[in-house]
Amino acid sequence: MKFEFENPTHLVFGAGTLSQIGEIVRKHGKKALLVTGGGSVKRNGTFERALSSLNAAGVTVIECAGVEPNPRLSSVMRGAQIARDEGCDIVIGMGGGSTMDAAKVMAAAVNYEGDPWEMIIHGQDNWRLPTSALPIITVPTLAATGSEMNGGAVVTNEKTTVKSFVIAKCLYPRVAIVDPELTLSVPPDQTAFGICDLITHVTESYFNGADGTPLQDRFAEGVILTAMEWGPKAVTDGNNLEARAQVQWASVVALNGWVQVGTAGAFPVHIIEHVLSAHHDIAHGAGLSVVNPAWMRFAAQTRPARFARFAQRIFGLSLKHPDDRDAAMEGIDRFEAFLHSIGCPTRLSQLEIGDALLERYAHDTVHIIHDGEGHLPGRPPMSEEDIVEILRSAL
Ligand code: NZQ
Ligand code: ZN
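Residues numbered from 1 in each chain as written. Chains lettered and ligands numbered in written order. Predicted model: local features only at pLDDT ≥ 70, side-chain atom pairs only at ≥ 80, totals over all residues. Heavy atoms only, no water.

Novice: Any chance you could explain the sheet that holds strand E4 (residues 90-95) here in plain terms?
Specialist: Hydrogen bonds along the backbone pair up the strands of a sheet, which may run parallel or antiparallel. The strand order across the open sheet formed by 6 strands is E1-E8-E5-E4-E2-E3, and the pairing between neighbours is parallel. Both edges of this open sheet fall to strand E1 (10-13) and strand E3 (60-64), since each of them pairs with a single strand only. Each neighbouring strand pair of the sheet contributes to a mean axis angle of 20 degrees, computed without reference to strand direction. Here strand E2 (residues 31-35) pairs with E4 via 4 bridges, running parallel. What sits directly across from Leu34, in E4, is Ile92. (Pairing = 2+ DSSP bridges. Helix = DSSP H or I, 4+ residues; strand = E, 2+ residues; numbered from the N terminus. Axes fitted to C-alpha atoms, helices over the stretch in contact; angles between N-to-C directions.)

Written as C-alpha cells, this is what we have:
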C-alpha cells in the first residue's frame, strides 16, 4: 500500500511539564482562549498553575469554562464567539477529550464561513472541512482519546441528536503538553473508560485495516498489552504516577496516527458508539466497552483467523489451526473479562439502554457513513440489520 503520513504536533511529555505552558503558548500567541470543562481543573489546581505560568509569560487569558462531556455544538459556538469578541489569537484546550475537541473546533469555527456544523460529517453531500484554525495547544487531563495529538474532534449537535467527527489538517495542535500528573485525580471509572477507549482505537485498525501490515499489528499489540499491564494499576491506585504515565503514553500513541498509518481501517465500533452517546449522553469509553466485544463476536464469524491471532498474541492462547474459532471466541471472552475487571460495563442494560431504539441507532449510524451499498464500512461492512443484531446481543 502507498501512503503518506504527517503529524505536525510538537509533543512535550512528562510529569511537571505543565509548568512550561506559559513559555510554550507565548511562542504561538499573546491572547489565549483557555477552554475548560465542568470544573475538575479548578478543583485539582491545574487551572491555577497554568494561569500563573501563562501570566508570568505575558499571555493574556480569556476563559471559556463549562464544556460538557460529549461536547455540544452550542458550547463550540459560544467559545468561538468569545474568541472573536475578545480577539484571541490562540486556543488552549485543557481537560479531557471533550474539552480538547471543543477547543479544536472553536479554533476552526472562529474564521469558518457558514455553519460550523458543516465541518462535522453527518451524512451531508458536501463535507466542508475547515482549512484554517487559530493555533491550538492541548493539555490533556485524562488519558483516553488521543485528541491531544491528532487532527480529529467529536461534537454533538444537541438539536438533531447527532454526534460525529471532523478530521482536518488544521486541527492538529501546535503543541501537546502531556503531563501525567494532571491525570492523578481522574476517578477509577473514568480511568477505566479511558483505558477501554485507547485499546479500542487500536483494535479498530487491527481488525478493520488492510491485510499485510505486520509492523502495525505489533504496534497495536504493544499498545494493548501495555494498557492491560498498567491500566489496572492506575485504576486501583490513582496516585501511581508511573502507571498513569504508561497509560497516558499508550493513549497518545494509540491515536496519533502511528499505529493506523498504512492500514486504511474504518472505525465502525466508534461510529456505533457515537450514536449511543448522542442519544444517551454516556461516557464514550463505557459505550465502547459494551459495543466492541459484541462487534468482535460478530466480525469473528467472517474472519476467525484474525481474531484467533488476537487471542494468541494478547492472551497467549495456543491455536489448533490458524482459523481456530474456539480460540477466537475465547480471546474475545477474555478481553471482555478484562474490561469487566477494571470496572467497565459490558452490557447495554448497565448503561440503562434497552431495546426500544435499536433500529434507530442502526439507521443513524449508517446515515453518518456508508458505502455504496448503504453499509457501515468495516470488515465486514455492516447493514442496519447487522448493527441491530450486534446491539441486541449486548442487551
Ligand atoms: O468536565 P470536567 O470537570 O473536566 O470533568 C471531566 C468529565 O466529567 C472528568 N475529568 C477530566 N479530567 C479529569 C477529570 N476528573 C478529575 N480529574 C481530572 N484530571 O472526566 C469526565 C469525562 O471527560 P471527557 O472529556 O468527556 O472524557 P474523554 O477524555 O474520555 O473524552 C470523551 C470525548 O472525546 C471524544 C468522545 O467521543 C467524547 O466526546 N473522542 C474524541 C476523539 C478524538 N478527538 O480523537 C477520539 C475518541 O475516539 C473519542 O470519540
Ligand atoms: Zn475513542
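Let us keep going from here.
Novice: Would you mind showing me how to read the site of ligand 1 here?
Specialist: Near ligand 1 lie 34 residues; those nearest to it are Gly38, Ser40, Gly97, Ser98 and Asp101. In this structure, Gly38 approaches ligand 1 through a main-chain N or O atom, which is 2.7 Å from an oxygen atom. Here an oxygen atom of ligand 1 and a side-chain polar atom of His201 are 2.7 Å apart. Expressed as a share of its isolated accessible area of 960 Å², the protein-covered part of ligand 1 is 89%. At the level of secondary structure, the elements contributing two or more residues to the shell around ligand 1 comprise helix H2 (40-43), helix H5 (97-109), strand E6 (152-157), helix H6 (188-208) and helix H9 (268-280). Classifying every residue of the shell around ligand 1 gives 10 nonpolar, 20 polar and 4 charged. Counting residues domain by domain, the shell around ligand 1 receives three or more from each of domain 1 (10-183) and domain 2 (188-393). (Near = heavy atom within 4 Å. Polar contact = N/O pair within 3.5 Å; in protein donor to acceptor, adjacent residues only side chain to side chain. Areas by Shrake-Rupley, 256 points an atom, 1.4 Å probe, with all protein chains shown as cover. Nonpolar A, V, L, I, M, F, W, Y, C, P; charged D, E, K, R; others polar. Domains from an automatic or database assignment.)

Novice: How should I be thinking about the packing of H6 against helix H11 (residues 304-315) in this particular structure?
Specialist: If you want to describe how two helices pack, look at the angle between their axes and the distance between the axes. Where H6 meets H11, the axes come as close as 10 Å, and the angle between the chain directions of the two elements is 135 degrees. One finds that H6 runs oblique with respect to H11. Considering only the axes of H6 and H11, their crossing is right-handed. The residues of H11 that touch H6, namely those facing Thr203, Tyr206 and Phe207, are Arg306, Phe307, Arg309, Phe310 and Arg313. (Parallel < 35°, antiparallel > 145°, perpendicular 65-115°, else oblique. Left-handed = near helix turned anticlockwise from the far one by under 90°. Contact = heavy atoms within 4.5 Å.)

Novice: Before we go on, may I ask you to explain helix H7 (residues 214-236) in this structure?
Specialist: Every α-helix carries 3.6 residues per turn, so stepping three or four residues along brings you back to the same face. Along its 23 residues, H7 runs 33 Å from first to last C-alpha, staying within 8% of the 33 Å computed at 1.5 Å per residue. Among all positions of H7, only Gln216, Asp217, Ala220, Glu221, Val223, Ile224, Ala227, Met228, Trp230, Gly231, Ala234 and Val235 are buried. Along its buried surface, H7 packs onto H6, helix H8 (241-254), H11 and helix H12 (325-341). (Expected span 1.5 Å × (residues − 1). Buried < 20%, exposed > 50% of the residue type's maximum accessible area, 1.4 Å probe, protein only.)

Novice: When you look at the coordination of the zinc ion (ligand 2) in this model, what are you seeing that I'm missing?
Specialist: Around a metal, the ideal angle is 109.5 degrees if four donors adopt a tetrahedral arrangement and 90 or 180 degrees if six donors adopt an octahedral arrangement. Looking at the metal site, the zinc ion (ligand 2) is ligated by Asp197 (OD), His201 (NE2), His270 (NE2) and His284 (NE2), spaced 1.9 to 2.2 Å from it. Within one chain, the residues serving as donors to the zinc ion (ligand 2) are arranged as D-x3-H-x68-H-x13-H. Here Asp197 is found in helix H6, whereas its partner His284 is found in helix H10 (residues 284-300), with 87 residues between them in sequence. Look at His284 and you get buried, because its relative accessible area is 15%. (Donors = N, O, S within 2.8 Å, 3.2 Å for Na, K, Ca; no water.)

Novice: Please clarify how the domain arrangement of the protein chain should be interpreted in this entry.
Specialist: A common way to report how large an interface is uses the accessible area buried once the components associate. Assigned domains within the protein chain: domain 1 (10-183) and domain 2 (188-393). Each of domain 1 and domain 2 was reduced to a C-alpha centroid, and the two centroids are 26 Å apart. Facing 29 residues of domain 1, the contacting portion of domain 2 comprises 28 residues. Taking both sides of the interface into account, the surface hidden between domain 1 and domain 2 amounts to around 2300 Å²; carbon and sulfur atoms contribute 60%. In this assembly, domain 1 and domain 2 are joined by 1 salt bridge. Asp281 is the partner of Arg72 in a salt bridge, and the nearest nitrogen-oxygen pair spans 3.2 Å. Seen at the junction of domain 1 and domain 2, the total is 7 residue pairs in polar contact (both at pLDDT 80 or more). Only E1 and strand E7 (162-167) provide two or more residues apiece to the side of domain 1 that touches domain 2. Top contributing element to the side of domain 1 that touches domain 2 by residue count: E7, with 4 residues. Of the residues assigned to the side of domain 1 that touches domain 2, the class counts are 15 nonpolar, 9 polar and 5 charged. (Buried area = accessible area lost by both parts, 1.4 Å probe. Salt bridge = Lys/Arg side-chain N within 4 Å of Asp/Glu carboxyl O.)

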